[in-house]
Amino acid sequence: MTALEENKFETYTLGAATFDLSGLPKEYYTLVDGSKSIIWVQPIFQSLGLKSLLAASLPVENFTHAVIHGSDYTAIVIKQQGNYLALLIDPKSEILSEKFLSWAQSFDATSLRNNPKFQVI
């Protein structure tokens, strides 16, 4: 993947949240010049809880990602090595692709701490 593609993907990111493997939230990242609302994180939290409930009775071990569409947002939840990463993207963007998912799977959300576009909540 080229650096240009990686920058493009990060440009479409409007927020991020990290969760531990049990589905509990760890950190939230929002745009500095945008809304500090993290209302979109609640459906992510609920979907990870649902995944845990389903995993208790169904084989869902190969979970890699989920897409949650809200009226004002699209969020992608990616299972990473030791956590879950949720990325908020513009619902009108057509960025969701295998390349985007591959990038998101290895994306280090803590890098957003050094990005002047984001703030940690």
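Up top is the structure these notes are about.
This write-up is about the structure you can find in this document. (Residues numbered from 1 in each chain as written. Predicted model: local features only at pLDDT ≥ 70, side-chain atom pairs only at ≥ 80, totals over all residues. Heavy atoms only, no water.)

### Here we look at the nonpolar core
Counting residues in each nonpolar core, the largest one holds 18 residues, and the members touching the most others are Leu87, Phe100 and Trp103. Only strand 2 (25–31), strand 4 (74–79), strand 5 (84–89) and helix 3 (98–106) provide two or more residues apiece to this core. It is helix 3 that contributes the most residues to this core, 4 residues altogether. Among the nonpolar cores identified, the runner-up in size contains 15 residues, and Phe19, Ile44, Ala75 and Val77 belong to it. (Core = buried A, V, L, I, M, F, W, Y, C linked by side-chain atoms within 4.5 Å. Buried < 20%, exposed > 50% of the residue type's maximum accessible area, 1.4 Å probe, protein only. Helix = DSSP H or I, 4+ residues; strand = E, 2+ residues; numbered from the N terminus.)

### What to know about helix 2 (residues 41–57)
The end-to-end C-alpha distance of helix 2, which contains 17 residues, comes to 25 Å, matching closely the 24 Å that a straight helix rising 1.5 Å per residue would cover. By the burial criterion, the buried members of helix 2 are Val41, Ile44, Leu48 and Lys51. The buried side chains of helix 2 occupy one side of the element, clustering within an arc of 70 degrees when seen end-on. Seen from the open side of helix 2, the exposed residues pointing more than 90 degrees away from its buried face are Leu53, Ala56 and Ser57. Residues of helix 2 that are buried sit in contact with strand 1 (13–19), strand 2, strand 3 (65–69), strand 4 and strand 5. (Expected span 1.5 Å × (residues − 1). Arc of directions from axis to C-beta. Contact = heavy atoms within 4.5 Å.)

### Re the pattern of salt bridges
Counted according to the given criterion, the structure contains 1 salt bridge. For the salt bridge of Glu27 with Arg113, the shortest nitrogen-to-oxygen distance reads 2.5 Å. Here the residue Glu27 occupies a position in strand 2, and Arg113 occupies one in the loop between helix 3 and strand 6 (118–120), the gap between them amounting to 86 residues. (Salt bridge = Lys/Arg side-chain N within 4 Å of Asp/Glu carboxyl O.)

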